[in-house]
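# Structural features, examined
These are the residues of each chain, in order.
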Amino acid sequence: MTEFLVFTLYAPLASWGDTAVGEVRGSWDRPSRSAILGIVAAALGITRDEEDAHAELDRMCGLGIRTVRSGTAFIDYHTAQDPTDVAVRRFKPRTRRAALDCAEPLTTLSQRTLRQDALSVVALWPRAQSRWSMEALATAMRSPRFVLYAGRKANVLGLPLGPTMVQAETLMSALRTLPSLPPEIVRGLEPKTEWGREVAYDKCDSIDSGFSELEHRIVRRRDAHPHRTRWQFAERDVYVASIPADAVQ
Amino acid sequence: MTTFLQLHLLTAYPASNLNRDDTGRPKTVVFGGKSRLRVSSQSLKRAWRTSSVFEEKLGEHVGKRTQRLGDQILKRLTDGGMDEAKALEITRTIGERFGKLKDAKDKNPTYIKQLAFIAPEEIDAALALADKALGGAELAGEEIDAMLTKFDTAVDIAMFGRMLADAPAFNREAAVQVAHAMTTHGVDVEDDYYVAVDDLQDVSTHDDDVGTSFIGVQEYGAGLFYLYMCIDTNGLLSNLGGNVALAQDGIASLIEAAATVSPKGKQNSYGSRARASYVLIERGTQQPRTLAAAFLKPVSGTDVLTDSIDRLEKFRTSLDAAYGANADASSTMGASPDRTEGSLAQILSFARESLS
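The sections below set out a description of the structure shown in this document. These figures come from a predicted structure and were not determined experimentally. (Residues numbered from 1 in each chain as written. Chains lettered and ligands numbered in written order. Predicted model: local features only at pLDDT ≥ 70, side-chain atom pairs only at ≥ 80, totals over all residues. Heavy atoms only, no water.)

As a further point, take the overall build of chain A. Looking only at helices and strands, one finds seven helices and 11 strands in chain A. At 20 Å, chain A has a C-alpha radius of gyration in line with the 18 Å of a compact globule built from 249 residues. Here chain A holds 249 residues, and the buried ones make up 55% of them. Within chain A, counting contacts between residues at least 6 apart in sequence, those at least 24 apart form 80% of the total. Total accessible area on chain A stands at roughly 10,900 Å², and carbon and sulfur atoms take up 49% of it. (Helix = DSSP H or I, 4+ residues; strand = E, 2+ residues; numbered from the N terminus. Rg over C-alpha atoms; globule rule 2.2 N^0.38 Å. Buried < 20%, exposed > 50% of the residue type's maximum accessible area, 1.4 Å probe, protein only. Contact = heavy atoms within 4.5 Å. Areas by Shrake-Rupley, 256 points an atom, 1.4 Å probe, with all protein chains shown as cover.)

Below, the structure is given as structure tokens:
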């Protein structure tokens, strides 16, 4: 039996960034490991520059994400104006208004993909000892230190995370019963067997995933070991499998 | 833990195009399977941050509002015996950190072009730099930086953050998050087919030329928008070096701007400047959440404002029942025929109290 920390991630608008160079900022269809750990770290109050704390959290948490609804994608055409770096270094404008005044601003146009109405359920399990217990993570998520968001600061969360400790034999059994959700959120998702059943999870060395060797496929994704001040990530293997329709409760 | 202030606003706009995409259409989002009008988070933030409401309300209690800091620096240098030309040069080097300076050839070359808000601590720091220059030291750029930017007296940056790729020491994590605004009901973007007539066209002499000179289409929409904003008060205070009065003023100005300032898109064509008809403010340490899901099923019917307020409040109550109370205290302002209560002043004083 393993104790999992299960919570719901719902945001009206979410973006789970992919490698982005320049103006086209795409989004995966399910949350990234870095985004989820970012939410946990923000709840705990770990600042961006506390690299040791982030690494410890990264080592500690095993992660499984069940995507109930990945959400439809759309593109936000984003115009941003900023003075040049040279002007900023010289004038150090103290307000946004001053920044736009101090020199001719450069305009950057970008297309940012967002996922609307994205709903996932996340299960964390402890892979290694750390300064936090799973209960400490749950308490922090109920009263976080920093604001929480789904990929970008403007992507506010639409539900309390509702962290709960769940005892289960396998990751699959921890995720096959979804927490009770407000009817507004699950509108259009009946019957329950229509709810998304795909689970993306870390390699399960210390626990039983509940999925056999034949059931999963492996996807490479660049969202591991995040460096929070340089926004750099490493690649990892993501195991993806589906909960059988008849196993859903 | 921190104390979060959550703001929920409902603002109605008539035919308007407040925020458009690359094709000139109002921005939209599909929410709950139905297309809604949207005003992006970045558009709202820019409109509020550059508004005179934000600046003026803030200014009353923050240090001095002046163009003439340069005069004080110049006087310090010349009184200390520095030569005029060198003093002017040093004054301008220090002064330009506070705002764009008037031209060197202007009759007041030490003046800042716009009125700038300068806190007493910043004036002291500037004069200390002047003293250093009097002592014969060369003022290096980094030194000036170090003296003047220990913390932000500009609430603007403390609230909305700053990211300088090549000077990460000046980065600030924003204490305020603003969600994209969207209509509570479905909206189909409409087309305004317009023509432009040539005033000098003389039909009597050229009767084969009776048409208009230009035809075009401009898209627009109308609706009741739901806005959500969340302020991390501890984060704001730490960005401001613990200055409670400044944080209170900043939050009050921001809320007032959010309730009264409209984005500037196509304002000359549509004159769509509106004020919030309903404001709900919540305070608590619980994890913040938007109430947008109340509108997943689009509001339909003819009394959109009353129905939207009802939906919002019902959803809030049901979330509280399911997850426990999401806030410790709240206050409401309604400015609609069916819901008249409270006032903006009451909302602002609730916000201020949250920091004392």
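That shown, we press on.
Another point: the nonpolar core. Formed by 58 residues in total, the largest nonpolar core has its most connected members in A:Phe4, A:Tyr10, A:Leu171, A:Tyr201, A:Ile243 and B:Tyr226. If sequence neighbours within four positions are ignored, A:Tyr201 has contacts with A:Leu63, A:Gly64, A:Leu171, A:Ser209, A:Phe211, A:His216, A:Val238, A:Tyr239, A:Val240 and A:Ala241. Grouped together as the second largest cluster of nonpolar side chains are 48 residues, B:Phe54, B:Val189, B:Leu254 and B:Val261 included. (Core = buried A, V, L, I, M, F, W, Y, C linked by side-chain atoms within 4.5 Å.)

Moving on: the interface of chain A and chain B. The interface is formed by 51 residues belonging to chain A together with 68 residues belonging to chain B. Counting each side, the surface lost to burial between chain A and chain B is near 5,100 Å², with a carbon and sulfur contribution of 54%. Per-residue buried area on chain A facing chain B is highest for A:Lys92, A:Arg94 and A:Arg97; these three make up 15% of the total on that side. At the surface where chain A touches chain B, the tally comes to five salt bridges. (Buried area = accessible area lost by both parts, 1.4 Å probe. Salt bridge = Lys/Arg side-chain N within 4 Å of Asp/Glu carboxyl O.)

This paragraph deals with the pairing of strand S9 (residues 214-232) of chain B. All names here are of chain B. The buried fraction of S9 amounts to 15 of the 19 residues, a majority that puts the element mostly inside the structure. Examined bridge by bridge, strand S1 (residues 4-16) and S9 share 11 bridges and lie antiparallel to one another. Its bridge partner being in S9, Leu7 is matched across the sheet by Met229. Note: strand S6 (residues 176-178) against S9, three bridges, orientation antiparallel. Residue pairing for S9: Val178 is matched across the bridge by Met229. (Pairing = 2+ DSSP bridges.)

Another point: the packing of helix H1 (residues 33-44) of chain A against helix H5 (residues 134-142) of chain A. Residues and elements named next belong to chain A. Where H1 contacts H5, the axes come no closer than 8 Å and their chain directions differ by 80 degrees. It follows that H1 is roughly perpendicular to H5 by the angle criterion. Across from Val40, Ala43 and Leu44 in H1, the residues of H5 making contact are Ala136, Leu137, Ala140 and Met141. Looking at the contact of H1 with H5, its residues break down into seven nonpolar, no polar and no charged. (Axes fitted to C-alpha atoms, helices over the stretch in contact; angles between N-to-C directions. Parallel < 35°, antiparallel > 145°, perpendicular 65-115°, else oblique. Nonpolar A, V, L, I, M, F, W, Y, C, P; charged D, E, K, R; others polar.)

Residues and elements named next belong to chain B. Counted residue by residue, strand S10 (residues 276-284) has eight buried out of nine residues, so it is predominantly covered. In this structure, S1 lies alongside S10, joined through eight bridges in antiparallel fashion. Looking at the pairing, His8 lines up with Leu280 of S10. Direction of pairing for S10 relative to strand S11 (residues 329-336): antiparallel, over a ladder of six bridges. Opposite Leu280, over in S11, you have Thr332 as the bridge partner.

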